[in-house]
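Report on the structure
Each chain is listed here by its residues.
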Amino acid sequence: MTEDKKPSGPDLTRGVTLAEFKDGKLLGHVDEEDVLLVQAGGEVFAIEPACSHYHGPLAEGLVVDDTIRCPWHHACFSLRTGEATRPPALNALAVWGVVRDGDRILVQRKHEAAKPSSAHRSAPAAEKFVIVGGGAAGFAAADTLRREGFAGAITMLSNDGAMPVDRPNLSKDYLAGSAPEDWLPLRGEDYYRDAGIDLRLDTTVSAIDAKTRSVTLGNGDKLPFDRLLLATGAEPNRLNVPGADLPHVCTLRSRADCDALIAKLKTARRCVVVGASFIGLEAAAALRTRGLDVHVVAPDPHPMGRVLGDALGDTIKALHEAHGVVFHLGATPARIGPDSVTLSNGDVLPADVVLVGIGVHPNVELAQDAGLAVERGVTVDRFLQTSAPGIYAAGDIARWPDPLTGERIRVEHWVVAERQGIVAARNLLGQQRPFDAVPFFWSQHYDLTLRYVGHAEQWDRVEIDGDLGAHDCSIAYWRGNTRLAVVTIARDLDNLKAEAAFERQTASA
């Protein structure tokens, strides 16, 4: 608590009544610390009020059974223990003891949040688990294995030079210059050492042998495994035009990509962003925040129209234009020069930096060469197991059966990858947990944040509730009588409620 900030609400050690609660919650304080009281069923719980991910206000969140969900990025916490039960939060929250004295509710002793730990490993076990990939799914799987008490060897092979990082930040606050470097790593080096996770950076895998249960590394070494998780992620699509390989042409996927781009911005004034995707437009907002002139080039008539629909795409376009971004839609780059981009319509745009954001493709070559079933991604069952027993896939490469529609889907969302990593880890341990989490992502553009829950590759009807122009609305995407996805702007609680409704749908499907 900073000196100039007073504690919130009433002193909870003196007691409050349920009549003082609003929507089942009451924000108060114990000594100098803010504490959130939450009524769930017939019980009252006391928990830290800020999400451990990006400090979202849990007082504005949703209570589901004995958990509370953050309104910003849908992290979930146990009200009983403070444990972070769903990504993107990794760290637990403190909770307090609560007692009843007649009709009064009093908060007593604090139970500190559990520190990030290497879960208890009583004795080394002989089993060897290998994780190929150092992104969201790979990290979540390794962390979960230790939390679940796995005592065997965990080897995590990453072709990245950096430890697993909070990738969504790369196109948002970190690129904008408003997030410090120490926000990026999901865990520090000591975590991997203490947890007994053999994290090997800058390590490539050249082959997987499902029969002999081994992986071959780029240097020729062979590594045996009992069970394997493939979490190889995706690679940015590249431009195929003259000049696309010039040094000022960048993509944005890894920490190294982002740092290289930021270094180029020190001497740049004009930037051309190729592609009006989420990454492209989030980056455009970050670059405008840094004061660069930004032009966006894309072949589609409406930015992100294929994902969000024309109306919402045009709203986002108008927001960017209000911040000075210039759009060139219905055009593509024809060639790139040292200081300009020539478009297919003949226009020439000055450019000190060119950022290419035209989507990604899943890294399925290892799986394909190993003889695993591959169809627009690595085919997995509802337990995330591939066509080879004991080999699982998670994250951007996994194509799994959607419990809502029964169709196979592949989703490139950070939170989905994290949640799949958790489920895959538990299934590596033989728990047979189906992956049934509802896809969720968020996208940040200046002071506007979209929250998208569900998955709609194709829809035949869009329903808008609220005012798109005023940036206060909820948008539902339907196919026939099935609501597939919901996007909200400035209606975070509605997005959480939509997520819970989708969960009920899938549970009854």
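Please refer to the structure placed before this passage.
Below, the structure is looked at part by part.

Scoring rules and cut-offs
Residues numbered from 1 in each chain as written. Predicted model: local features only at pLDDT ≥ 70, side-chain atom pairs only at ≥ 80, totals over all residues. Heavy atoms only, no water. Helix = DSSP H or I, 4+ residues; strand = E, 2+ residues; numbered from the N terminus. Rg over C-alpha atoms; globule rule 2.2 N^0.38 Å. Buried < 20%, exposed > 50% of the residue type's maximum accessible area, 1.4 Å probe, protein only. Contact = heavy atoms within 4.5 Å. Areas by Shrake-Rupley, 256 points an atom, 1.4 Å probe, with all protein chains shown as cover. Lys, Arg positive; Asp, Glu negative; His and termini not counted. Charge placed at Lys NZ, Arg CZ, Asp CG, Glu CD. Phe/Tyr/Trp six-rings, centres within 6.5 Å; stacked < 30°, edge-to-face > 60°. Pairing = 2+ DSSP bridges. Axes fitted to C-alpha atoms, helices over the stretch in contact; angles between N-to-C directions. Salt bridge = Lys/Arg side-chain N within 4 Å of Asp/Glu carboxyl O. Expected span 1.5 Å × (residues − 1). Polar contact = N/O pair within 3.5 Å; in protein donor to acceptor, adjacent residues only side chain to side chain. Core = buried A, V, L, I, M, F, W, Y, C linked by side-chain atoms within 4.5 Å.

Here we take up the overall build of the chain. Each helix and strand in the chain was counted, giving 10 helices and 35 strands. Computed over its C-alpha atoms, the radius of gyration of the chain comes to 24 Å, within 12% of the 23 Å expected for a compact globule of 509 residues. When the backbone C-alpha atoms are referred to their principal axes, the chain occupies close to 80 × 60 × 50 Å. Each of the 509 residues in the chain was classed as buried or not, and the buried ones make up 54%. For the chain, the proportion of contacts with a sequence separation of at least 24, taken over those separated by at least 6, is 57%. For the chain, the accessible surface area stands at approximately 22,000 Å², while carbon and sulfur atoms represent 47% of it. For the chain, the separation between the mean place of its 53 positive charges and that of its 68 negative charges on side chains is 3 Å.

Turning our attention to the packing of aromatic side chains. Summed over the entire model, instances satisfying the criterion amount to 10 aromatic pairs. Look at phenylalanine 139 and tyrosine 191: their rings are 5.9 Å apart centre to centre, the planes differ by 50°, and that puts the pair in the tilted class. Placement of the pair is phenylalanine 139 in helix H1 (residues 136-147) and tyrosine 191 in helix H3 (residues 189-195), with a sequence separation of 52 residues. When its relative accessible area of 2% is taken as the criterion, phenylalanine 139 is described as buried. An angle of 80° between the planes, with centres 5.4 Å apart, marks the rings of tryptophan 400 and phenylalanine 435 as edge-to-face. With a gap of 35 residues between them, tryptophan 400 in strand E29 (residues 398-401) and phenylalanine 435 in the loop between helix H9 (414-428) and strand E31 (440-445) connect regions that are remote in the sequence.

Attention now moves to the sheet that holds strand E24 (residues 348-350). The three strands are arranged E22-E23-E24 in an open sheet whose pairing can be described as antiparallel. Of all strands in the sheet, those with a lone pairing partner are strand E22 (333-336) and E24, marking the two edges. The average angle at which neighbouring strand axes cross in this sheet is 25°, direction not considered. Alignment of E22 against strand E23 (residues 340-343), held across three bridges, turns out to be antiparallel. Looking across to E23, one finds that proline 333 is bridged to leucine 343.

With mixed pairing, the three strands of this open sheet are ordered in space as E27-E29-E30. Looking along the sheet, the strands with just one partner apiece sit at the ends: strand E27 (378-379) and strand E30 (408-409). Bridging between E27 and E29 involves two bridges; their strand directions are parallel. Along E29, the bridge assignment pairs threonine 379 with arginine 399.

In this section: the pattern of salt bridges. Taken as a whole and judged by the stated rule, the model has 28 salt bridges. Residue arginine 426 pairs with glutamate 148 through a salt bridge whose shortest N-O separation is 3.2 Å. With arginine 426 in helix H9 and glutamate 148 in the loop between H1 and strand E11 (153-157), the pair connects residues that are 278 residues apart, well separated along the chain. Residue class for arginine 426 comes out partly exposed when judged on its relative accessible area of 24%. Residue arginine 479 pairs with glutamate 407 through a salt bridge whose shortest N-O separation is 2.6 Å. Taken together, the positions of arginine 479 in strand E34 (residues 472-479) and glutamate 407 in the loop between E29 and E30 put the pair 72 residues apart, joining distant regions of the chain. A network of salt bridges, in which partner residues are shared, links Arg69, Arg86, Arg419, Glu499 and Glu503.

Once that is clear, we can look at helix H10 (residues 492-508). With 17 residues, H10 should cover 24 Å at 1.5 Å per step; its first-to-last C-alpha distance of 25 Å lies within 8% of that length. The complete set of buried residues in H10 reads Asp492, Asn495, Leu496, Ala498, Glu499, Ala500, Ala501, Phe502, Glu503 and Thr506.

Turning to the side chain of histidine 248, a few remarks are in order. Structurally, the position occupied by histidine 248 is in the loop between strand E17 (234-236) and strand E18 (249-251). The exposure class assigned to histidine 248 is buried, which follows from its relative accessible area of 9%. Within polar-contact distance, the side chain of histidine 248 engages the backbone oxygen of proline 338 at 3.5 Å. Other than its neighbours up to four places away in sequence, histidine 248 contacts Lys264, Ile336, Gly337, Pro338, Ala351, Asp352, Val353 and Val354.

Below, the discussion takes up the nonpolar core. If you look at the biggest cluster of nonpolar residues, it comprises 66 residues, and the most contacted ones within it are Ile208 and Val215. Of all the elements, H9 adds the most residues to this core, at eight residues. Other than its neighbours up to four places away in sequence, valine 215 contacts Leu157, Val205, Ala207, Ile208, Asp221, Lys222, Leu223, Phe225 and Leu228. Formed by 51 residues, the second largest nonpolar core is a distinct cluster that contains Leu184, Val294, Phe441 and Tyr477.

With that settled, consider the pairing of E23. Neither face of E23 is left uncovered, since the one carrying Ser340 and Thr342 and the one carrying Val341 and Leu343 both have all their residues buried. Where E22 folds back on E23, the antiparallel hairpin that results is connected by three residues.

Below, the discussion takes up unusual backbone geometry. Of note, the amide linkage connecting proline 87 to proline 88 takes the cis form, showing an omega dihedral of 15°. At alanine 490, a position not held by glycine, the phi torsion is positive, near 65°. Note on placement: alanine 490 falls in the loop between strand E35 (482-489) and H10. The exposure class assigned to alanine 490 is exposed, which follows from its relative accessible area of 56%.

Turning our eyes to something else, we now look at the side chain of asparagine 169. Tracing the sequence through the fold places asparagine 169 in the loop between E11 and helix H2 (173-176). Residue classification places asparagine 169 among the buried residues on the basis of a relative accessible area of 2%. A polar contact is formed between the side chain of asparagine 169 and the side chain of tyrosine 54, at a distance of 3.2 Å.

For the rest of this paragraph, the subject is the environment of arginine 167. Tracing the sequence through the fold places arginine 167 in the loop between E11 and H2. A C-alpha to C-alpha distance of 7.3 Å links arginine 167 and serine 254, two positions 87 residues apart in sequence. Excluding its chain neighbours within four sequence positions, the residues that come into contact with arginine 167 are Arg253 and Trp414.

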